[in-house]
Each structure stands twice: as structure tokens, then as C-alpha cells.
There are 2 protein chains.
Amino acid sequence: MKTGLSRTVDGWVRTVNLSLPSLQDNTADADRLKHILRKTLRTDHVHIDTNILRELPFHIRDWHYAARCIVIKDPATEQWYLIGILNPLEDRPVTGVAVDLGTSRVAVRMVALVSGNVLYETSFDNPQLQVGPDVLTRVHACDQPGGLSSLNQMLIQELNRQIHKACQACDLETQDVYFMALAGNTCMTHFFMGLSPRWMIREPYIPVINSPDLERAATYGIQINPAGRALVFPNIGSYFGGDLIAGILHSGIGKQTEPAILVDVGTNAEVVLGNDSWLVACAGAAGPALEGGVARIGMMAGPGVVDRVRIDADSHAIEVHTIEKMPAIGICGSGVIDLAANLFLAGMIDLRGRFVPEACGDKLTIQAGMPFFEVVSADTSGTGSALKISQADLDSLIRSKAAMYTILETITDSVGMTLNDLKTFYVAGTFGTFIDPVSAVTIGMLPDLPTGTYRPLGNSSLEGATQVLTSCESLLQIGKIKEKITYLELNVNQTFMNRFSAAKFIPHTDTSRFPSLK
Amino acid sequence: MKTGLSRTVDGWVRTVNLSLPSLQDNTADADRLKHILRKTLRTDHVHIDTNILRELPFHIRDWHYAARCIVIKDPATEQWYLIGILNPLEDRPVTGVAVDLGTSRVAVRMVALVSGNVLYETSFDNPQLQVGPDVLTRVHACDQPGGLSSLNQMLIQELNRQIHKACQACDLETQDVYFMALAGNTCMTHFFMGLSPRWMIREPYIPVINSPDLERAATYGIQINPAGRALVFPNIGSYFGGDLIAGILHSGIGKQTEPAILVDVGTNAEVVLGNDSWLVACAGAAGPALEGGVARIGMMAGPGVVDRVRIDADSHAIEVHTIEKMPAIGICGSGVIDLAANLFLAGMIDLRGRFVPEACGDKLTIQAGMPFFEVVSADTSGTGSALKISQADLDSLIRSKAAMYTILETITDSVGMTLNDLKTFYVAGTFGTFIDPVSAVTIGMLPDLPTGTYRPLGNSSLEGATQVLTSCESLLQIGKIKEKITYLELNVNQTFMNRFSAAKFIPHTDTSRFPSLK
């Protein structure tokens, strides 16, 4: 965490004192202000919005040639913009909003630009869910006349409504919001900007833009201060989005000398490995085994969702933990992994993830030829029906965990490292927050590293977006991260398939890789 | 004049061919376009307007990965912007408008950006004349609530009306206009941008801005292509406007090794002296003798206005020439100078510019103690009354011509030159077009240089603005000119007053300076 002081020095709000005009120094007001801003910001040029120029001469005279300036820098052009001036003697709040634009959930956080304090935070369903739960359906919806515009407007209107609500909650006006930083996957940011994602899902998978420039938020229809700017995090390609770049920023991987790895499991699995001099990245959707995402089974975390499972190895009694301890209504990714690990340790599934009927007993039933395992009985569940997991669900998990392990193996191998060389393993997202690393290691999804190696990062996309709201240095990091990343195309060649096949066992065909499971 | 070829190479319209996307080269559309534009324009960054991004993926595929690009460079930041893309196989016109925003008259010229051809040109009264004929009245009108906004809107609406008219005349849409270059005095450009001129007329005479950045024309309410940009020529201070910088650009003074001088006589007298390594400038309104402008007497050139006068030295018969040979309705600056020179040569006024009653005869009458001289009789004039010039008018001319000569003497002296060292003497504006240098030399307004030294520049402000519509190099010259100029404050000290007093005689107390009059 930074101190208030370094925040102020590095941040977007600067109070300046202008020299007084005289017959000997009769520079124009704007040029006088630019002069001191250039010195303060160590730059050659500061652009002043025309609307500010219209107020400037009145304000600086009223304020005795001092002003609290809200500035922002375009990281691509290194161009500074003056986007607001306030009376230095008044304490009018200056805020920004960070947005994590997920396919399913959107998180919005309002932050005071000077203190960095979080003033308000909310999350809500992506309104595009009404069009389709997955990205593909939404992209196809754009082929209809007005389809893109409608998907775009869903997002913009909901974001405006939520920002308005955030302002009301904080007793602020939308005028007081000067900066929006938004991170999302490539498709979501394209929807946000009103850009067609049509060619992202068709070979050779081309987005409209990789690095959006800093724009006025109004350009996108976002209703904050009219001079307020919006930064959309860049993407590397169609499958490597700005959310992961925000995550890398938040993790600090790009600034450490010791190599670290970051895994973000959302709709896709995205992995980054590197340090302050190199970064290698790949995204899971590149391999056919991963289509539909690593965590296809399970539902999103929420009250009543099973997130932890323990099975007594002797009695085979199942103990589940639900979020907010509500009656169980479903199971999320971390719950499924916990369940699989415990089933395996209790001998209720075999090395290939198949249910062992004799060990499962009456918990296992066959419906239409498909084995189902009852995790929570109908009388204790929150739905009135039993909560079950099918063999197909388990098979899917096995494929997913094998793909994840194979990706991790491939990416470390690509830079001449082994999985055991990893000293820091960041796990982002709700997956990272809820997952029990021991269970993930048990099923061979994650490598057998000391438990302390695994560090949950939380919503790293939102955290990364938040970071640039108060720090110029963080904003500039974005471009550096993007430039540094080598994107590794996951060639589904024989080596990949061999590794994938080997990883489809629990924990792995090569059990020597998982000494802690002995 | 530049050739069509160099225009294209240096200009704002560039046709580019993009590399084709493939799995091996899956850069985003925008980044692909930026790549080739960066190479073409030799720059690090090109900004693409969001509205263009929205069309881009469809267009470049329809156009087989080629595009005619309209680009523009912000001379302050050296930042390039892509503001339009067109089908390279269609010949849709791409135009710009140059504007000379005068206190009294406004000139608008529509130019084809590729060929540089003038498609349309018009001039009209500055609509602010309804508020007041002079700048001062208009500035004071801004103190009323809504005053500035109303003055601003008069200009913007009339400019929009005229641009619309120009488009209709050329069978174009306002969409086809991508660039506006506007030059005017500091007050007029402030009115155009909606910036308060209030402190420009109050000590220490501070404008709001000296160097406006390149903005979207829409920022100022100008209705051309929504992505179209507007360049407002910079000013040096309250009394040295962008119109003169445009004039310097047009004259080419700043690019020649031989020093030359440029005089622009409008509401004020502005003078620039220099070459490719230095420029010194001063403006006439800086001296109290010049208040109200050098050419206070006389009316604007127009049909029926006397612009040339000859007096037979023997018979004292007066022969006048009027514009379009219409019956005389008034006399303009050049006519007054011609008249004074001829009166002096015929012995009808003395060295101090006083009427000589015995030489003037019955053409001279006294009304309320003031001598009046009849230039055109009531029966031949176009107004039904005699056209007369008073002793007060002549006194005013003498003060003006003395001020002009003193300024010329002061500015050449400031760089260690004498007036006789001047080899090229540009005279801008209608004044420069109509003035007879021989008459101006006769009354000692201009120094006694060979007639060929004096070169009329025409509307150099409009010409300078036109130049940047087709040439990036010219646009960049603006900043170089502005940086190079040393603004000479005309200190009304004893030396200035002595020179001024000596210049109040016809042609001068020191007649040796005017050998040609012998």
C-alpha cells in the first residue's frame, strides 16, 4: 500500500500556484497554468480542455492564482490533459470509478483520487446475460441489425445507472467523477466501446483494437464529468484480455526479479509467467480441450453455494460448507475440486476419476445410463431436490484440470523452467479466493508446491483498475506490461496431447510429481 | 506554389495498404492500420477516433485492406490523428475551410485537401458588427450576463451558415469538410473559442490563451465532419494575433535568409521584421499615439469608395478613382493617403499637414471653426452631399503616418538595421492591395525605398490559413514562427516621442531621408 504522501505526488490531483501576471510577464492565463503544470508533471505539453479554458480566467483570479488541478496522462502518447480545476481552498471530492467488466458479473468501485479510499463498491449481473450466458451467443447476436448497438447500450446504461447510484450513496454528483478505468476480456471491452467483436470468433480471430487510447468517457456514453476520461485496459489478442493485464498489474509480477506465475480462471483459463524483464502468457481457450472454459461445471459463488467439501475417509460421511451457511442450492468450482479431491482420497473415485460403486454405496445412482453421486440430500438442500454430481461433470473436471496442468507445464517449459521452480503462484478471481490449494494439488490441477506458494489475488482485474485511479506510475506500467508480454500460442501438437493425456489421471500418471500425496 | 505531387506527400490524405491478417499475424484491425500509418507518417503514435473504429473492421474488409486516410497533426504535441477513412476506389472529395476572422470582415475559403484547389470563396461582415464596430465595445458587451456567449454564437452560427452555403455551392456535404484553419486577431479568436477577452483590455492585458491546441471543430460548435479538427492560429499576446502569424507564414519571411519586413494595417498596425533565424514584432496599438488604429480615417474599401486621387499641380483640378467606378460615397485609407500626398505636392497643405487657404481656394470652407476640404462635389457624389475631409481628419492621418514611420524606425533600429537596409517590404491586407507606395512615401508614412521593394500580400491571414489546409510542413511552421518571434514592447519613452515628433512633418523633419521627393 502506498502512503497518502506518495499517492499525492504520483496521483492525478495537483495543487499549483501560478506566477502573477504583470506588464513584464503578460503570458496568457492558460499558458501560465501550463507552464507550472509542465514543471510539476515534468512534461513538454499539457492539453487544457476548452470548457476549462472558458472558466479559467475567472477562477484563477477568484482563487488568487492557485488551483487544484485534475490531470491525467494518456499512457500511449504520454500526453497530459488538464481535465478539471477546483478551488484549492475548498475540499470538493475528486473521484474515479474502477470497473471489472466480466462476462457474468460486473464490479464497480468508487475511489477518492487523492486518498485512494474506496468510497463505494458494488457488483451486479452483466445485463447482457439476458442475450446469452456466454460470449459466443452475444457475438452472434451482433449479426442481427442493431444487435451490437443494443448489447453496447445494455452495458453503458447499466454502468451509468450504477455510477449514478454510487454517487448518490456517497452524496456526490456525477460531475465529481473524473476518471474511469475499465478492465475486461477482449469481447467485453469491445462491447463497451461499441466495437464489433464479429471477427474475434472467426479465424484468424482479429479484434478491432488491441490498445485503446485514453478517451473522454463521454465518447463511450459514460456520464461522469464531461471532461472525465476513460481508460480501457488493452488486450493482447482476442483471447487475452485487459482483465488479465490489470491482474498482472495488481500482482506486481512485472516488477519482481523472482519469476512468479499468475492464473486467472474465469470463463477461460489465462496464465502469465514472468518477472520484471520478461512475461509469457497464454490463454486456455486456445486448446480444444478447454472449450467452454476450465470451470464449466459448477455455478458462481453466492449464498447457499457449496464451496468446501470434506469426506471422512472411513465413514464416507460428507460434510459440506455453503457460502453464508445457507441451505445448499448448488456447488461452485472450488467446491467441485474439493469434492473430487475428497472422493479420491476416500477411494470413491479412481485414478481416472470414475466413481467406484462399491465405495460410493447408495449415494451413487444410475439415471439414463449416467452415474450420479448425491452430495447433499433432498431433505437438507435448499432446493428441495438432492444436489448431485454426474460422471459427465467429473469427466469434464478431469479434462479441465488436465488442461490446466498441461498449460502450466507448457508455459514453464517454454522458458526452460519446471513447475517446481515456481516460488510464487498467484490465483486470481473468485476461483482463487475460494479454492483450497491442497484439493487442487490432490487432483493434480495445480502442481505440488508448498501450500504457502499459492496466494489468492481476489478480483485482480478490479484491483488493477483501481490502482491506476490513484497512480500515474501504475497507468504507465500497463503499456510496459503489454509490451513485455510474449503471447504463447498453445499449439495442440503431439507434445501437448501427450502431456494432456498424462495429466488426465489423478493426480497424474507420474505420481513422483506429487510427493506430498504419498 | 507547390506541385500536386509534393502536396500529396506533405498533405493530410494518404492512401495505405494494410498487411493481410493471418493466424501468424493476428494483430487487431486498428493496430494493423496504425502500424502502416506510423510508417507512412514517420511517427510513434496515431490516434484513431472511436467512431472510425466502429466502422473500421467492416470497411477494411470491404475495401480489401486498403483505405484512403484523412490524418491531421497537432503541431503542439506532434500527435497524429486519423479523422476519416474512405474507400480508396471512390473519389469522394475531402475538403477544408480556411477562415480569416477579421473584426469587420470575415473571409471563408473552401479548399480541396488533395489538390489544394480553391472550390469556393466568400467574405461577409462580421456579425458582431451589430454589437459594435470596434473590439472594445464588444469586449465591454461581454460584461453583460450572457454577453460573451451571445457574441460567440453570432460568429459560430454565421460561420456554420456560410460553410453550409459553401458546401451547397460545391455540391458537398458538411461531412466532407475535415479541417478548419482559422486566423484572427486575439480578440476575435477568443470570441470564436468562447473565451473571455475581458482581461485583454485591462492592464496587464492578459489573454486566456496564446496557443490553442488542435481541437475537434465540434468543440467550438462548428458543424463539419464530426471528427473534423479546427486549428486556431496562436497569438503572441493581446495585441499580436494569429492573423499576423498566418501572414508571416504566407509571406515566407521566416524561411528567407535576407531580412524582410511585413506590415499589416488593419484595426491596428502590426509589424514584423526578420528572417529564417530571428523575427522581431510589434503592434501599433501599444503606443498612445496609435490608439484607435493607424487608419482611423476612411472607410472600408467597397463600390463607390475613393481609392485613388490625383491633383493637377497647376490647375489644382482633382481627379478621383472609385472602386467599380461608381459615384463616390466615401474615401478609404489608400484614398486618404493619395489625397494627402497630392495635396502636399500641389502645395495645398503645408509641411505640418495644415490646409493652405490661398492654394485651396473655394474648395476649403470653415464649419464651426473647423476647415473642411471638398474632394468630390455634391452634384457628382453618390450620396447627394459633397465628400469632404476635415483638418481633424488630416491631423489624424499625420499622427497615424508618424506613428507608422516611428514604429518602422524603432523596430529596424532595435536589431541594428536602418530603414534603407530593407530589401523586401510586404504590405498585407486591403491596405496593402490598394495603397500607392509612392503616395505613402510622399507623406513619409513609409520609408523612401525603391517602389519595387513594396509588395502587396493580399489577405495574408486567409492565405496563411489556406496553406495549412494542404501542408503539414506549413502547420509545423506556425509553432516555429511563434517560438522565434521576439515581441518588442513599444516603450513610449523620450526616444520614441522624439522620433514621433520628427515624423509628424511631411515627409519628415529630416528631408534627407526622402531623396526621391527632391
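Just above, that's the structure.
Residues numbered from 1 in each chain as written. Chains lettered and ligands numbered in written order. Predicted model: local features only at pLDDT ≥ 70, side-chain atom pairs only at ≥ 80, totals over all residues. Heavy atoms only, no water.

A. Examining the side chain of B:Ser334 more closely. All names here are of chain B. Among the secondary structure elements, Ser-334 is positioned in helix H8 (residues 333–345). Exposure remark for Ser-334: the relative accessible area of 4% places this residue in the buried category. Beyond its immediate chain neighbours, meaning those up to four positions away, Ser-334 contacts Asp-307, Phe-434 and Ile-435. (Helix = DSSP H or I, 4+ residues; strand = E, 2+ residues; numbered from the N terminus. Buried < 20%, exposed > 50% of the residue type's maximum accessible area, 1.4 Å probe, protein only. Contact = heavy atoms within 4.5 Å.)

B. Highlighting the packing of aromatic side chains. Evaluated as defined, the whole model comprises 18 aromatic pairs over all chains. With 5.9 Å between their ring centres and 40° between their planes, A:Tyr405 and A:Phe514 make a pair best called tilted. With a gap of 109 residues between them, A:Tyr405 in helix H10 (residues 391–414) and A:Phe514 in the segment after helix H15 (494–502) connect regions that are remote in the sequence. Summarising the burial analysis for this pair, A:Tyr405 and A:Phe514 share the class buried. What links up through ring pairs into an aromatic cluster is the set A:Trp12, A:Trp80 and A:Phe179. The cationic tip of A:Arg229 hangs over the ring face of A:Tyr81; the distance from NZ or CZ to the ring centre is 4.7 Å. Seen from the ring of A:Trp199, B:Arg61 lies directly overhead, with NZ or CZ sitting 4.3 Å from the centre. (Phe/Tyr/Trp six-rings, centres within 6.5 Å; stacked < 30°, edge-to-face > 60°. Lys NZ or Arg CZ within 6 Å of the ring centre and 35° of its normal.)

C. View of the sheet that holds strand S3 (residues 66–74) of chain A. All names here are of chain A. Taken in spatial order, the 4 strands make up an open sheet running S1-S3-S4-S2, and their pairing is mixed. Strand pairing shows two members of the sheet lacking a second neighbour, strand S1 (13–17) and strand S2 (46–48), which therefore form its edges. On average, each strand axis in the sheet is tilted by 40° relative to the strand beside it, whichever way the strands run. Across 3 bridges, S2 lies against strand S4 (residues 79–86) in parallel orientation. Residue pairing in the sheet places Ile-48 in a bridge with Leu-82 of S4. (Pairing = 2+ DSSP bridges. Axes fitted to C-alpha atoms, helices over the stretch in contact; angles between N-to-C directions.)

D. Representation of unusual backbone geometry. All names here are of chain A. The peptide bond linking Glu-203 to Pro-204 adopts the cis configuration, its omega dihedral lying at 0°. Looking at where Pro-204 falls in the secondary structure, it is placed in the loop between helix H6 (186–193) and strand S9 (215–216). For the peptide bond that leads from Ile-506 to Pro-507, omega is -10°, which places it in the cis range. Tracing the chain through its elements places Pro-507 in the segment after H15. Residues other than glycine seldom take positive phi values, yet Lys-325 does so here, at roughly 55°. For Lys-325, the position within the fold is in the loop between strand S15 (318–322) and strand S16 (330–331). Judged by relative accessible area, which is 69%, Lys-325 ranks as exposed.

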